[in-house]
Amino acid sequence: MTSIDAITLEVADLAAAERFYANAFGLGDRLRLRAAQEPATGFRGFTLSLTVSQPADVNVLFDAAVGAGATVLKPAAKSMWGYGGVVQAPDGTIWKIATSAKKDTGPATGQIDTIVLLLGATDVGASKQCYLDHGFTVAKSFGRMYVEFASAGSIKLALYRRRALAKDAGVSPEGTGSHRIAVSGAAEPFTDPDGFAWEVASLNSAGAR
């Protein structure tokens, strides 16, 4: 089974990004950073979701992100699916922090259960086939709207229609330039139909942050 080893964000200000993520989420070697100056405007076509066990943990991480300099796109609130909110990091990456639980069952720990990389696909069916061809296994699939792949680790991959993903994040779907992200874990480098680049794990290991 192909799975994600780490996610690398390409940022304009490396030192600032390192400070933000250390103070906001503390994701360790699951999130890596590297300097890049490729232009990117508007929606970059992906979001990252942090799933936690209860609303209190959402609030802890949400407040930490805002305190570290994130912009609120959607305040943390209850929904039919649970409880969550959306912030945008200073480097432009959109983060959703959410839980399926609607009530707390204990004190907040701030523990992150799963990271979900949601890629906005122009054609979910074509992107799904690309990932199947590269060894991924489908865990859930809802037609040409949403696909979630099985994962052996704590980082999951899912595909969502680009416009629907932007709407869920609370931003306009328009965007140009670099995605400013690379994914580590492929057996060999490849680029999916929407331009998201996958790297072999060893290419990133020396630059982990």
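Topic: unusual backbone geometry
Here is step 1: Despite not being glycine, arginine 180 shows a phi value in the positive range, around 60°.
Here is step 2: Topologically, arginine 180 is positioned in the loop between strand E12 (175-177) and strand E13 (181-186).
Here is step 3: For arginine 180, a relative accessible area of 10% puts it in the buried group.

Overview of the packing of aromatic side chains
Here is step 1: Scanning all chains against the criterion turns up 15 aromatic pairs.
Here is step 2: Pairing tyrosine 131 with phenylalanine 136 gives two aromatic rings, centres 5.4 Å apart and planes at 90°, and the pair type is edge-to-face. The same class applies to tyrosine 131 as to phenylalanine 136, namely buried.
Here is step 3: Ring plane angle 70° and centroid distance 5.8 Å describe the contact between tyrosine 131 and phenylalanine 190, whose orientation is recorded as edge-to-face. Within this pair, whereas tyrosine 131 is found in helix H3 (residues 124-133), its partner phenylalanine 190 is found in strand E14 (residues 190-191), the two being separated by 59 residues in sequence. Each member of the pair, tyrosine 131 together with phenylalanine 190, is buried.
Here is step 4: By way of ring pairs, the aromatic residues Tyr131, Phe136, Phe149, Phe190 and Trp198 are connected into one cluster.

Notes on the nonpolar core
As a rule of thumb, nonpolar side chains are buried together in soluble globular proteins.
Here is step 1: Ranked by internal contacts, the top residues of the largest apolar core, which has 46 residues, are Ile7, Leu9, Tyr21, Phe25, Trp95 and Leu117.
Here is step 2: Counting 10 residues, the second largest nonpolar core, distinct from the first, contains Phe43, Tyr146, Ala158 and Ala166.

A word on the pattern of salt bridges
Here is step 1: Going through the model one piece at a time under the given rule, you end up with seven salt bridges.
Here is step 2: Notably, a salt bridge pairs arginine 34 with glutamate 199, separated by 2.8 Å at the nearest N-O pair. Of this pair, arginine 34 sits in strand E2 (residues 31-35) while glutamate 199 sits in strand E15 (residues 197-200), placing them 165 residues apart in sequence.
Here is step 3: We classify glutamate 199 as buried; its relative accessible area is 14%.

Remarks on the sheet that holds E2
Here is step 1: Ordered in space as E2-E1-E13-E15-E14, the five strands form an open sheet in which the pairing is mixed. Every other strand in the sheet has two partners, leaving E2 and E14 as the edge strands with one partner each.
Here is step 2: Along the sheet face, helix H1 (residues 14-24) touches strand E1 (6-11) and E2 and points at about 160° away from the line of E2.

A word on H1
Here is step 1: Those residues of H1 lying buried are Ala17, Phe20, Tyr21 and Ala24. Seen from one end, H1 has its buried residues packed into an arc of 90°, which puts them on one side. Among the exposed residues of H1, those pointing more than 90 degrees away from its buried face are Arg19, Ala22 and Asn23.
Here is step 2: Considering only its buried residues, H1 is in contact with E1, E2, helix H2 (55-67) and strand E7 (94-99).
Here is step 3: Looking one or two residues past H1, glycine 26 carries a phi angle of roughly 60°, positive in sign.

Some thoughts on the pairing of E13
Here is step 1: With six of six residues buried, E13 lies mostly within the body of the structure.
Here is step 2: As paired elements, E1 and E13 share four bridges and run antiparallel to each other. Residue isoleucine 7 lies in a different strand from E13, and its bridge partner there is valine 183.
Here is step 3: Where E13 lies against E15, four bridges are found, and the strand directions are parallel. Residue pairing in the sheet places serine 184 in a bridge with glutamate 199 of E15.

The rules we used
Residues numbered from 1 in each chain as written. Predicted model: local features only at pLDDT ≥ 70, side-chain atom pairs only at ≥ 80, totals over all residues. Heavy atoms only, no water. Helix = DSSP H or I, 4+ residues; strand = E, 2+ residues; numbered from the N terminus. Buried < 20%, exposed > 50% of the residue type's maximum accessible area, 1.4 Å probe, protein only. Phe/Tyr/Trp six-rings, centres within 6.5 Å; stacked < 30°, edge-to-face > 60°. Core = buried A, V, L, I, M, F, W, Y, C linked by side-chain atoms within 4.5 Å. Salt bridge = Lys/Arg side-chain N within 4 Å of Asp/Glu carboxyl O. Pairing = 2+ DSSP bridges. Contact = heavy atoms within 4.5 Å. Axes fitted to C-alpha atoms, helices over the stretch in contact; angles between N-to-C directions. Arc of directions from axis to C-beta.

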